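The residues making up each chain are set out below.
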Amino acid sequence: MKEKKVIFESYEIMCQKVAEEIREDLKKNPKQMLCIAAGNTSQGVLGELIKMYQNKEVDFSKAYFVAMDEWAGMNENTPGSCGNFLVKYFLKYVNYPKENVKLWNGKAEDLHEECNDVENFLKKSENGAIDYLVLGTGMNGHLALNEPGTDFNQYSHIQELDAITKKVGQKYFEEKAILEGGVTMGIQNFREAKRAVLMINGIHKREIAGKILKASETDEQIPATVLYEFENASIYCDREAAVDNE
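Residues numbered from 1 in each chain as written. Predicted model: local features only at pLDDT ≥ 70, side-chain atom pairs only at ≥ 80, totals over all residues. Heavy atoms only, no water.

Asker: Looking at this model, I keep getting lost on helix H7 (residues 206-213). Mind explaining?
Answerer: Given 3.6 residues to a turn, an α-helix orients residues that are three or four positions apart in the same direction. Regarding H7, the residues found buried are Ile 208, Ala 209, Gly 210, Ile 212 and Leu 213. Of the surrounding secondary structure, the elements contacted by the buried residues of H7 are strand S1 (5-8), strand S9 (195-200), strand S10 (233-238) and helix H8 (239-242). (Buried < 20%, exposed > 50% of the residue type's maximum accessible area, 1.4 Å probe, protein only. Helix = DSSP H or I, 4+ residues; strand = E, 2+ residues; numbered from the N terminus. Contact = heavy atoms within 4.5 Å.)

Encoded structure:
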């Protein structure tokens, strides 16, 4: 069992640790199903993995990558979208076969069917689930687009957005975006992951980090607290976010 809460002296050290774990897992399982949140929190991990690939320390040619979520009405070709972020900062630099990558299509005519497509893609893993999962959390404690009050027993689903997510999500777009809903993996998908890491970093996350780190039980109003129920999950926090919260 991994240590549940780990505080790192810097964001950079935390990102190196996560990337090293992914590298070691990939060595043991070349067909690894990797899922990394799109967003600023995980950008450092993506950069570390690119460097490892360039240095021939990792090979993704037999591995799989699945995205976590997407804004409704957007796909990987939409600037600022989750899929666009993952392509821009990771996927275009490494050697996943195209057919081994699943990014959400938030423009799909039938979003329920899109959710089914993601579930079917996960079955390509030898475990039928994510092998290594890297989560971030929002200012409201959400995981992917599983907002406060979300049913923790759901798999991939359509999700209405919390007011905080609608506001904070604008940072990824050059012009004001319409953010009303999205499609996302559910908490149950994350619960079934072979290994899960939640990353929290920065002074701006200090308040929500405190609520998560000090939680004594799972709170549906703070979805990130569900990681305390997971068997092989850790909460990784940098010193800026964790100060006064240890």
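Asker: How should I be thinking about helix H2 (residues 40-54) in this particular structure?
Answerer: Over its 15 residues, H2 extends 22 Å from the first C-alpha to the last, a length consistent with the 21 Å expected when each residue adds 1.5 Å. Along H2, the residues that are buried comprise Thr 41, Ser 42, Val 45, Leu 46, Glu 48, Leu 49, Ile 50 and Met 52. Contacts from the buried residues of H2 go to helix H1 (11-28), strand S2 (33-36), helix H3 (82-89) and S9. Within two residues after H2, Lys 56 carries a phi angle of roughly 60 degrees, on the positive side. (Expected span 1.5 Å × (residues − 1).)

Asker: Is there a simple way to think about the pattern of salt bridges in this case?
Answerer: For the structure on display, the rule yields 11 salt bridges. The salt bridge partner of Glu 57 is Arg 23, with a shortest N-O separation of 2.9 Å. Separated by 34 residues along the polypeptide, Glu 57 in the loop between H2 and strand S3 (64-66) and Arg 23 in helix H1 bring together distant segments of the chain. For Arg 23, a relative accessible area of 17% translates into the label buried. One network of salt bridges, in which partners are shared, links Arg 23, Glu 24, Lys 27 and Glu 57. (Salt bridge = Lys/Arg side-chain N within 4 Å of Asp/Glu carboxyl O.)

Asker: Just to check I follow, could you spell out the sheet that holds S3 for this structure?
Answerer: Remark on secondary structure: sheet strands pair via backbone hydrogen bonds, oriented parallel or antiparallel. On the basis of which strands lie adjacent, the open sheet formed by seven strands has the order S1-S10-S9-S6-S2-S3-S5 and parallel pairing. The open sheet has two free edges, formed respectively by S1 and strand S5 (101-102), since each of these has just one partner strand. Where S2 lies against strand S6 (residues 132-135), three bridges are found, and the strand directions are parallel. Bridge assignment links Cys 35 to a residue of S6, and that residue is Leu 133. Sheet strands in contact with H1 are S1, S2, S6, S9 and S10, and its direction is about 165 degrees off that of S9. (Pairing = 2+ DSSP bridges. Axes fitted to C-alpha atoms, helices over the stretch in contact; angles between N-to-C directions.)

Asker: Looking at this structure, how should I read the side chain of Arg 23?
Answerer: Here Glu 57 takes part through its side chain, which lies 2.9 Å from a polar atom of the side chain of Arg 23. Contact partners of Arg 23, with chain neighbours within four places excluded, come to Met 52, Glu 57 and Val 58. (Polar contact = N/O pair within 3.5 Å; in protein donor to acceptor, adjacent residues only side chain to side chain.)

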